[in-house]
Amino acid sequence: MDGEASAMSSNLFLDHVGKVVLSINSDGLSWKSVDSINNELDGSSCLGIKLISKPETDIKIANVYAVEFVDWGLIHESSLPDAGGCLLGRDSEMYRFTVHGYQRSKKQPSLWLLVAYTFGHKDLQMCQNWVEQINDLISKDAERPKRLLVFVHPLSGKRNGCKVWEDLAPIFSRAKVETKVTVTKRAGHALDVMTSITDQELYSYDGVVVVGGDGFFSEILNGLLCSRHKAPYPPAPENIHSVSIPVSDHSETELTTAHQGEDQHPLLQNSEAGTSGFLNFRSGDGSCEADQDRVFAFPNKHFRLGIIPAGSTDAIVICTTGTRDAITSALHIVLGKRVCLDIAQVVRWKMTASSKVEPLVRYAASFAGYGFYGDVISESEQYRWMGPKRYDYAGTKVFLKHRSYEAEINYIEVKTNAAETTPQESFRNNRLCKLWNPPKKPKTICRVNCSVCNEVGSTAQMLKNAANHGMQFKDARWLRSKGRFLSVGAAIISCRNERAPDGLVADAHLADGLLHLILIKDCPLALYLWHLTQLARKDGDPLDFKFVEHYKTPAFTFTSSGEESVWNLDGELFQAHQLSAQVFRGLISLFAAGPEL
């Protein structure tokens, strides 16, 4: 076996442990203390007080991000205990090398903690051989990045983006990841760079890393996709010609069916891109099958995006790593973790009611919201000097105003499993459900190695989904909800954050190809407060209200009855009187592995 062929062992000294037998194989490193005292460390005590818990005795290569030779220096050796049972030690000088890796926090598995093991020996060649052996195993992992573009937002969140990067840069340096760092100087700086960078230059990098928040990530995302993702637009609201059929006596929701020819489907209307965008996807070996100029297209097997959290909410990081920790995110990046992520394409058809139809495309990775969500982001703009607290202040002001808006939303119906009710049945039976309070169906939460998301995990599957995008809507039925709404939200992921521990939709997935459309109809202030309180609770149920409509859908359209409308796209303002949105399943890949818990 390969693991046996590469196996070797030597007597070395481990700093703060003593003499050990160090072994290596294709899976990782393991060591065992030579001294009998170190074989019983978990029982070591001084005056009856336990001193040392059982130490780690191995580390997998998959958990090692670097090994470095640190030359001649001190190694602290443990020795036999004194008469009182306390460990003594002495320092010896020798050649050393350090293995850098991580281990999961015992209290929070998604949190990754840095670990470093320093080994020493008097023989220089011995240490160098070990460094080479470990590096050889690390280099076999082709998923680990070699070159990255890094963008740092100095004013994001608590305005500590530069400090966050300075603290983490040594991790990338040790891992031998070359980084080209840009500290942004103005709003839109990163967008301009990513828009103007050539495809040839992009191919020389393994990905882009963002040090900032969700809004800054959205800027990079749009710089990458707006000029490179060639796909048909979703239909404009007026192009959904339909016949309305009442669904319920207690609801303004209507069922509509789009009139189309056999050779058409909703997502091919009003497309300026045509169908040529699907000719440039890369094959499994990274080559372009239909374009010798190597057009940089998405989905992309090789290129990934990474986020190091330094924003106000960092919802995307929390949903894709399970924690809001900069070190954990940096380790996900240098170790080459990968998870696919749905992306929503949002097309603004008209900015105001009197505007001309001028399509403008934006992309979102986490959330698009109107009404309460749009008002909060708009109100918070004038309080940027407050940092993340501006959202609490602005949210309180907007909540007390309790404004609702007249709008019409059309969305594609998604067939449910036999055991599930349709959105119409669910809405119709809502009042009855409140009376007898049946047991709730367990939610399928998105986790590491999620079976739902793994359906899109392979490059071949991503390309197939992209090439066939829209065909699933050929016979789609459109539902319509019209009335006054406190908010209209479309969650792409669960949007977990410190204010909403389970997110807007607890069981939303990273790559299932569905948006979660959440319509909050006009209701008394006290009931809306109850809804928001449920959002802020762990294991709350913010969607279990009569005035809340929740639908899974791949696409929707929106038309405001007012003159102007403000949306929140991933934390950024977006004015749109009329828009459409569709989701692309697994369109991009992130340097992440998904949440453990």
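Residues numbered from 1 in each chain as written. Predicted model: local features only at pLDDT ≥ 70, side-chain atom pairs only at ≥ 80, totals over all residues. Heavy atoms only, no water.

(A) Fine view of the packing of aromatic side chains. In this structure the tally under the stated criterion is 22 aromatic pairs. Aromatic pair Trp-165 and Phe-172: ring centres 5.1 Å apart, planes at 45 degrees, arrangement tilted. Take Phe-172: its relative accessible area is 1%, and that puts it in the buried class. When the ring of Phe-372 is compared with that of Tyr-373, the centres are 5.7 Å apart and the planes differ by 80 degrees; the resulting orientation is edge-to-face. Like Tyr-373, Phe-372 is buried. Cluster of aromatic residues (ring-pair linked, three or more members): Phe-367, Phe-372, Tyr-373, Phe-399 and Tyr-528. (Phe/Tyr/Trp six-rings, centres within 6.5 Å; stacked < 30°, edge-to-face > 60°. Buried < 20%, exposed > 50% of the residue type's maximum accessible area, 1.4 Å probe, protein only.)

(B) Structural context of the nonpolar core. Counting residues in each nonpolar core, the largest one holds 71 residues, and the members touching the most others are Met-194, Phe-217, Leu-305, Ile-343, Ile-588 and Leu-590. Sequence-distant contacts of Leu-590, that is, excluding residues within four places in its chain, are made with Phe-217, Arg-304, Leu-305, Ile-316, Thr-320, Lys-337, Arg-338, Val-339 and Leu-341. In this structure, Ile-409, Leu-479, Ile-492 and Val-583 belong to the second largest nonpolar core, which totals 26 residues. (Core = buried A, V, L, I, M, F, W, Y, C linked by side-chain atoms within 4.5 Å. Contact = heavy atoms within 4.5 Å.)

(C) Inspection of the pattern of salt bridges at higher detail. All chains considered together, the criterion is met by 21 salt bridges. Put simply, Lys-180 and Glu-201 hold a salt bridge, and the shortest N to O gap is 3.5 Å. Taken together, the residues span a long stretch of sequence, with Lys-180 in strand β11 (residues 178-183) and Glu-201 in helix α5 (residues 199-202) at a distance of 21 residues. Overall, the relative accessible area of 29% leaves Glu-201 in the partly exposed class. In this structure, Glu-408 engages Arg-480 in a salt bridge whose closest nitrogen and oxygen atoms are separated by 3.9 Å. With Glu-408 in strand β19 (residues 405-412) and Arg-480 in strand β20 (residues 477-491), this pair connects stretches of sequence that are 72 residues apart. Residue classification places Arg-480 among the buried positions, given a relative accessible area of 16%. Each member of the salt-bridge network shares a partner with another, and the members are Glu-143, Arg-304 and Arg-338. (Salt bridge = Lys/Arg side-chain N within 4 Å of Asp/Glu carboxyl O. Helix = DSSP H or I, 4+ residues; strand = E, 2+ residues; numbered from the N terminus.)

(D) The pairing of strand β16 (residues 339-350), seen in detail. For β16, the buried fraction is high: 12 of the 12 residues fall into the buried class. Here 10 bridges tie β16 to strand β26 (residues 578-590), and the two strands are oriented antiparallel to one another. Pairing of Val-339 across the sheet is with Leu-590, part of β26. With five bridges connecting them, β16 and strand β17 (residues 360-364) associate as antiparallel partners. Residue pairing for β17: Ala-344 is matched across the bridge by Ala-364. (Pairing = 2+ DSSP bridges.)

(E) A look at the environment of Phe-556. Within the fold, Phe-556 resides in strand β23 (residues 555-560). Accessibility expressed as a relative area gives 2% for Phe-556, which makes it buried. With 147 residues separating them along the chain, Phe-556 and Ile-409 place their C-alpha atoms 6.9 Å apart. For Phe-556, the residues in contact, after removing those within four places along its chain, are Ile-409, Asn-410, Tyr-411, Trp-478, Ala-490, Leu-515, Leu-517, Trp-567, Leu-579, Ser-580 and Ala-581.

(F) Local environment of helix α10 (residues 389-401). Look at α10: 19 Å from first C-alpha to last across 13 residues, which is about the 18 Å you get at 1.5 Å a residue. Listing the buried residues of α10 in full gives Arg-390, Tyr-391, Ala-394, Gly-395, Val-398 and Phe-399. For α10, the buried positions fall inside an angular range of 155 degrees around the axis, keeping them on one side. Among the exposed residues of α10, those oriented more than 90 degrees off its buried face are Lys-389 and Leu-400. Once α10 finishes, His-402 follows within two positions and takes phi at roughly 50 degrees, a positive value. (Expected span 1.5 Å × (residues − 1). Arc of directions from axis to C-beta.)

(G) Representation of the side chain of Ser-92 within the structure. Structurally, Ser-92 can be placed in strand β8 (residues 87-104). For Ser-92, a relative accessible area of 15% corresponds to the buried category. Ignoring any residue separated from it by four or fewer positions in sequence, one finds Ser-92 in contact with Gly-73, Leu-74, Ile-75 and Glu-77.

(H) Structural context of the state of the cysteines. Per the stated rule, a full pass over the model turns up zero disulfides. In this structure Cys-319 is a free cysteine whose sulfur lies 6.0 Å from that of Cys-495, the closest cysteine sulfur available. When its relative accessible area of 4% is taken as the criterion, Cys-319 is described as buried. (Disulfide = S-S within 2.5 Å.)

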